Amino acid sequence: MSTRHAVIIAMGLFASASALAQTETTGQAGPKPATSGGTVPAAANPAHAAAPKTAASTSASTPESRSAAALAMTHEPTYDEGSAQRIKDAALSYSDLAVRGGWPAIPADAKFAPGVQGANDDLLRKRLIISGDLAADKAGGAFDQDLADAVKRFQARHGLAPTGTVTPRTLAAMNVSVQKRIRQLDASLERLENMNFGFGQRFVVVNIPAAFAEAVENDVVVRRYRVIVGKTEKPSPTLTAQITSVVLNPTWTVPSSIAKTEISAHMRKDPTYLARMHMEVLDAHDNPIDPHSVDWSGTHTPNFTVRQQNGTFNALGAVKIDMPNAYSVYMHDTNQRNLFSDDYRFDSHGCSRVDNVRDLAAWLLKDQPKWSRTAIDTEIASGQHLEVAMARKVPVAWIYLTAWMTKDQTIQFRNDVYNQDEQLLEATAEEAAFFGKAAGHPLTAHMAQ
């Protein structure tokens, strides 16, 4: 257990009874501002908010409709200057719940059907009341619309399709313990406290576990896009950078690691692969060389560069967003846009593929009137490679938050796809233990100061 985690739990033990009762009802962090009548404002209570629309009513078959559906979820940023404090508040709230026993587990074989009284309906209601997804006065009865709406709220907060049906994934998320949720909040807080991001009037955030990108302006999300981020074996990094340019009809310089493994493997099986993929091999001076003169055994680091020409076949698609960083990753379009319809979007080599990326490009370049969305589409249609420098660089942060709370006090959780939360907390605990011992040793006491 990390030092911060222990402190949060200790604080929860001394929370007032009234705060505990309120937290159980609303599922939110800490006491809420009261109205003149002393009650919690409805807007701050997710149990009183409108349930998300069903997946069927928000059919997303185009990049524009998918982006519109994503933005409709909320205009609250995942990450802003108040995120760390809100995560602390959420952790305290969940510590209160832990002190009172958390929420009940629902049997894995439980069945729920609308309009039918089931054996576990009341247990499901209790679970959703404790987390604030269902109003406290809805504690009994068959599976009705109120309960379906509560399930939708829960699903939306956990990155699941808000269908209102208790699917196996929904049930698994409900049965994650409150202690595990606290550890997610603790790990997310640890990450934010080690970040140094210069928030501007406009900035872009990619939250990797959520697989979404947000364009934030004046503290409001004005664009939200599905993204495809790194595979579990090739995770996307966390970073902060500046977006410097938008490249239309980009070429793709294949990373040496991919050239050594994947490209080499393709060439061993099919010597025509490079030609079919519109790729060329270049020497250190960018001069073309004969692919047949290259050793494709894959046993050594390539001493050449593989570059794919721009076009509809290009792996980067029609747009690349440059953001110089130590990891050489960037945001871009893709020629496999069907992947954006998947719920599981962890399929890249580390870069971030952006759904409806032309819309994001137009937003980034909006202070340059020449580059409207129509102008961008026209330039792409010309097939000409063009790099458009930003008139003003836009800050961008790739973050790894599996738990956070937005300004409307909605607490969100996502799966720890890269299994990094426990690693971080264990490392933090080891560091705290080291400095704790150092503080008592005369030769190393200065290190703990």
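Residues numbered from 1 in each chain as written. Predicted model: local features only at pLDDT ≥ 70, side-chain atom pairs only at ≥ 80, totals over all residues. Heavy atoms only, no water.

Novice: Just give me the short version of the nonpolar core, but keep the residues and values in it.
Specialist: Membership of the largest hydrophobic core comes to 57 residues, with the highest contact counts inside it found for I263, M331 and L364. In this structure, M331 is in contact with V204, V206, A213, K320, I321, M323, S352, V354, L360, V396 and W398, ignoring residues within four places of it in sequence. In terms of nonpolar packing, the next biggest core, distinct from the first, is built from 31 residues, A98, W103, V178 and L401 among them. (Core = buried A, V, L, I, M, F, W, Y, C linked by side-chain atoms within 4.5 Å. Buried < 20%, exposed > 50% of the residue type's maximum accessible area, 1.4 Å probe, protein only. Contact = heavy atoms within 4.5 Å.)

Novice: Tell me about the packing of aromatic side chains, residues and numbers included.
Specialist: Applying the stated rule across the entire model yields 11 aromatic pairs. An angle of 80 degrees between the planes, with centres 5.8 Å apart, marks the rings of Y94 and W103 as edge-to-face. Residue class for Y94 comes out buried when judged on its relative accessible area of 1%. Ring geometry for F199 and F203: centres 5.2 Å apart, planes at 75 degrees, overall edge-to-face. On the basis of relative accessible area, F199 is assigned to the partly exposed category, the value being 24%. Residue F203 is classed as buried on the basis of its relative accessible area of 1%. Of the aromatic side chains, those joined through ring pairs into one cluster are Y79, F197, F199 and F203. Sitting over the ring of W103, R127 keeps its end group 4.0 Å from the ring centre. Over the face of the ring belonging to F212 we find R345, whose NZ or CZ atom lies 5.0 Å from the ring centre. (Phe/Tyr/Trp six-rings, centres within 6.5 Å; stacked < 30°, edge-to-face > 60°. Lys NZ or Arg CZ within 6 Å of the ring centre and 35° of its normal.)

Novice: Run through the sheet that holds strand β7 (residues 288-289), naming residues and quoting values.
Specialist: Ordered by their spatial adjacency, four strands build an open sheet running β5-β8-β6-β7, and the pairing between neighbours is antiparallel. The strands lining the two open edges of the sheet, one partner per strand, are β5 (252-253) and β7. Summarising the sheet, β5 and strand β8 (residues 305-308) pair through two bridges and their orientation is antiparallel. Note on β8: the bridge partner recorded for W252 is Q308. (Pairing = 2+ DSSP bridges. Helix = DSSP H or I, 4+ residues; strand = E, 2+ residues; numbered from the N terminus.)

Novice: Can you break down the pattern of salt bridges residue by residue, with the values?
Specialist: In this structure the tally under the stated criterion is 21 salt bridges. One salt bridge in this structure joins E422 and R183, with 2.8 Å as the shortest N-O distance. Note that E422 is positioned in helix α13 (residues 421-439) and R183 in helix α8 (residues 178-193), a separation of 239 residues in sequence. On the accessibility criterion, E422 (29% relative accessible area) is partly exposed. For D333, the salt bridge is made with R337, and the minimal N-O distance between the two is 2.5 Å. D333 gets classed as buried once you look at its relative accessible area, which sits at 2%. Put simply, E64, R358, R373 and D377 are held in one network by salt bridges that share partners. (Salt bridge = Lys/Arg side-chain N within 4 Å of Asp/Glu carboxyl O.)

Novice: Can you tell me about the environment of M267, naming the residues and giving the values?
Specialist: Inspection of the secondary structure assignment puts M267 in helix α9 (residues 256-269). Each C-alpha atom of the pair M267 and D295 lies 9.9 Å from the other, and the pair is 28 residues apart in sequence. Every residue in contact with M267, bar those within four places of it in the chain, is listed here: Y273, L274, P291 and W296.

Novice: Quick one: what's the story with the layout of surface pockets, residue by residue and with numbers?
Specialist: Counted as a void, the second largest pocket has a volume near 860 Å³. If you go around the second largest pocket, you meet 36 residues; those closest to its centre are W252, I258, A315, H349 and R353. Elements with a contribution of two residues or more to the lining of the second largest pocket: β5, α9 and β11 (346-348). Element by element, the count of residues in the lining of the second largest pocket is highest for α9, at five residues. Split by residue class, the lining of the second largest pocket holds 17 nonpolar, 13 polar and six charged. (1 Å grid on protein atoms, 1.4 Å probe; cavity = no way out; pocket = protein on both sides within 12 Å on 5 of 7 lines; lining within 4 Å. Points joined across faces, edges and corners; volume = space filled by probe spheres on them. Nonpolar A, V, L, I, M, F, W, Y, C, P; charged D, E, K, R; others polar.)

Novice: Hey, could you go over empty space enclosed by the protein for me, with residue numbers and the actual values?
Specialist: If a probe the size of a water molecule is rolled over the atoms, the empty space left behind becomes visible. Considering all chains together, one arrives at one cavity of 30 Å³ or more under this definition. There is about 30 Å³ of room inside the largest cavity. In terms of lining residues, the largest cavity is bounded by K260, S264, D295, G298, H300, P302 and F304.

Novice: Account for the pairing of strand β3 (residues 220-230), naming residues and giving values.
Specialist: Counting buried positions along β3 gives eight out of 11 residues, so the element sits mostly inside the fold. Sheet topology places strand β2 (residues 212-217) next to β3; six bridges connect them, and they run antiparallel. Bridge pairing in β3 links A215 to R223. Linking β2 back to β3 in an antiparallel pair, the connection comprises two residues, with N218 at a positive phi of about 55 degrees.

Novice: Residue-level account of the packing of helix α5 (residues 121-130) against helix α6 (residues 145-157), with values.
Specialist: In contact at an axis separation of 11 Å, α5 and α6 are set at 50 degrees when each is read in the N-to-C sense. Judged by the angle between their axes, α5 and α6 are oblique. Note on packing geometry: the crossing formed by α5 with α6 is left-handed. Where α5 abuts α6, its residues L124, R125, R127 and L128 lie against L147, A150, V151 and F154. (Axes fitted to C-alpha atoms, helices over the stretch in contact; angles between N-to-C directions. Parallel < 35°, antiparallel > 145°, perpendicular 65-115°, else oblique. Left-handed = near helix turned anticlockwise from the far one by under 90°.)

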